[in-house]
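Working through the structure, step by step
Take a look at the letters that make up each chain.
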Amino acid sequence: MPCILFLDKIQPKCVKCEIKLINMKAYEKLLLENKAWAREHVQVDKDFFLRLANIQTPEFLWIGCSDSRVPANEITNTAPGEIFVHRNIANLVVHTDLNLLSVLQYAVQQLKVKHIIVCGHYGCGGVKAAMTHSDLGLINKWLRNIKDTYYYNRKELEAIEGINKRADRLTELSVMDQVMNLAQTSIVQHAWKDENRPTLHGWVYGLTDGILHDLVKMDPNTPLDPIYQYDFT
Ligand code: CO
């Protein structure tokens, strides 16, 4: 690996490393950039990593799409330690998904997050795929959740001209469904009853302008349809 002594955006790079950088593989550049990133943080705040190593106290759980263009920390300008993150294709909250439920339980019961944000994004490939008749194998089962949202809203959706606009509206409707799915978990309802948190949020991110749109907010103890309401007495 090249030395990082002079790898800095404002300082000149050392001649020896410049030569090596040209032949560097893409993943090697990630490791080198990481060293520069860590060094920059320590220069600003020498205990930055030591503090984070001992405890994390994020206020937010983020449930977002796996899409590489929607990174939670970057688009909210937050630092490591501020957001607990779960990502999957098309940011779904599926009540049999052990991965999501484990993240949710840990975030709510141990980290005691105050807010849970479901963040979709316009131009979502998962949402668009769910609107087609393509057989995608295993992923059919995952996208089936979005097909159900389409089905229950098909009148509104099919009145929209243009496949992209229709997909964007389906993205919004799906985000609202996922927020409702969160509210219907015993994990969230328990915390609502005992600690009057977390607040649930549904947002959509615009890939073309970088802006987050606030779609829906559900405060603790919002009444739900009785069939989804757990009785903890
Ligand atoms: Co997506």
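Residues numbered from 1 in each chain as written. Predicted model: local features only at pLDDT ≥ 70, side-chain atom pairs only at ≥ 80, totals over all residues. Heavy atoms only, no water.

What about the packing of helix H5 (residues 98–110) against helix H10 (residues 186–195)?
The geometry of H5 relative to H10 is characterised by a closest axis approach of 10 Å and an angle of 10 degrees between their N-to-C directions. Here H10 runs roughly parallel to H5, going by the angle between their axes. Residue-level contacts link Leu-101, Leu-104, Gln-105, Val-108 and Gln-109 of H5 to Ile-187, Val-188 and Ala-191 of H10. (Axes fitted to C-alpha atoms, helices over the stretch in contact; angles between N-to-C directions. Helix = DSSP H or I, 4+ residues; strand = E, 2+ residues; numbered from the N terminus. Parallel < 35°, antiparallel > 145°, perpendicular 65-115°, else oblique. Contact = heavy atoms within 4.5 Å.)

Remarks on the pattern of salt bridges
Inspection of the entire model under this criterion finds 11 salt bridges. The residue Glu-172 makes a salt bridge to Arg-169 at a minimum N-O spacing of 2.8 Å. Note that Glu-172 and Arg-169 are positioned in helix H9 (residues 163–183) at a spacing of three residues, about one turn of the helix. Judged by relative accessible area, Glu-172 falls into the buried class, the value being 15%. Here Asp-219 ties to Lys-217 by a salt bridge, and the two come within 2.8 Å at their closest N and O atoms. According to the relative accessible area criterion, Asp-219 is partly exposed, its value standing at 37%. The network of salt bridges with common partners includes Lys-112, Glu-195 and Arg-197. (Salt bridge = Lys/Arg side-chain N within 4 Å of Asp/Glu carboxyl O. Buried < 20%, exposed > 50% of the residue type's maximum accessible area, 1.4 Å probe, protein only.)

Remarks on the coordination of the cobalt ion
Note on the cobalt ion: its protein donors are Cys-65 (SG), His-121 (NE2) and Cys-124 (SG). The metal-donor distances range over 2.0 to 2.3 Å. Here the donor residues for the cobalt ion map to a single chain with the spacing C-x55-H-x2-C. With Cys-65 in strand S1 (residues 60–65) and Cys-124 in the loop between strand S3 (115–121) and helix H6 (125–130), this pair connects stretches of sequence that are 59 residues apart. Cys-124 sits in the buried class, given a relative accessible area of 3%. (Donors = N, O, S within 2.8 Å, 3.2 Å for Na, K, Ca; no water.)

As for the domain arrangement of the protein chain
Its domain assignment divides the protein chain into domain 1 (1–55) and domain 2 (57–228). Between the C-alpha centres of domain 1 and domain 2 the distance comes to 35 Å. (Domains from an automatic or database assignment.)

Topic: a nonpolar patch on the surface
Nonpolar side chains collect at one region of the surface, where Tyr-27, Leu-30 and Leu-31 lie side by side and expose about 350 Å² of accessible area between them. The topology assignment puts Leu-30 in helix H2 (residues 26–44). Classification of Leu-30 as exposed rests on a relative accessible area of 62%. (Patch = residues over 30% accessible without salt bridge, like charges linked within 9 Å, V, L, I, M, F, W, Y side chains within 5 Å. Areas by Shrake-Rupley, 256 points an atom, 1.4 Å probe, with all protein chains shown as cover.)

Some thoughts on the nonpolar core
By size, the foremost hydrophobic cluster in this structure holds 27 residues, and its most contacted members are Leu-61, Ile-63, Leu-104, Ile-116, Val-118, Leu-182 and Leu-200. Of all elements in the fold, only S1, H5, S3, H9, H10 and strand S4 (199–205) reach the threshold of two or more residues within this core. If you tally residues by element for this core, the top one is H5, at six residues. Those residues in contact with Ile-116, other than ones at most four positions away along the chain, are Leu-61, Ile-63, Leu-104, Val-108, Leu-182, Val-188, Pro-198, Thr-199, Leu-200 and His-201. (Core = buried A, V, L, I, M, F, W, Y, C linked by side-chain atoms within 4.5 Å.)

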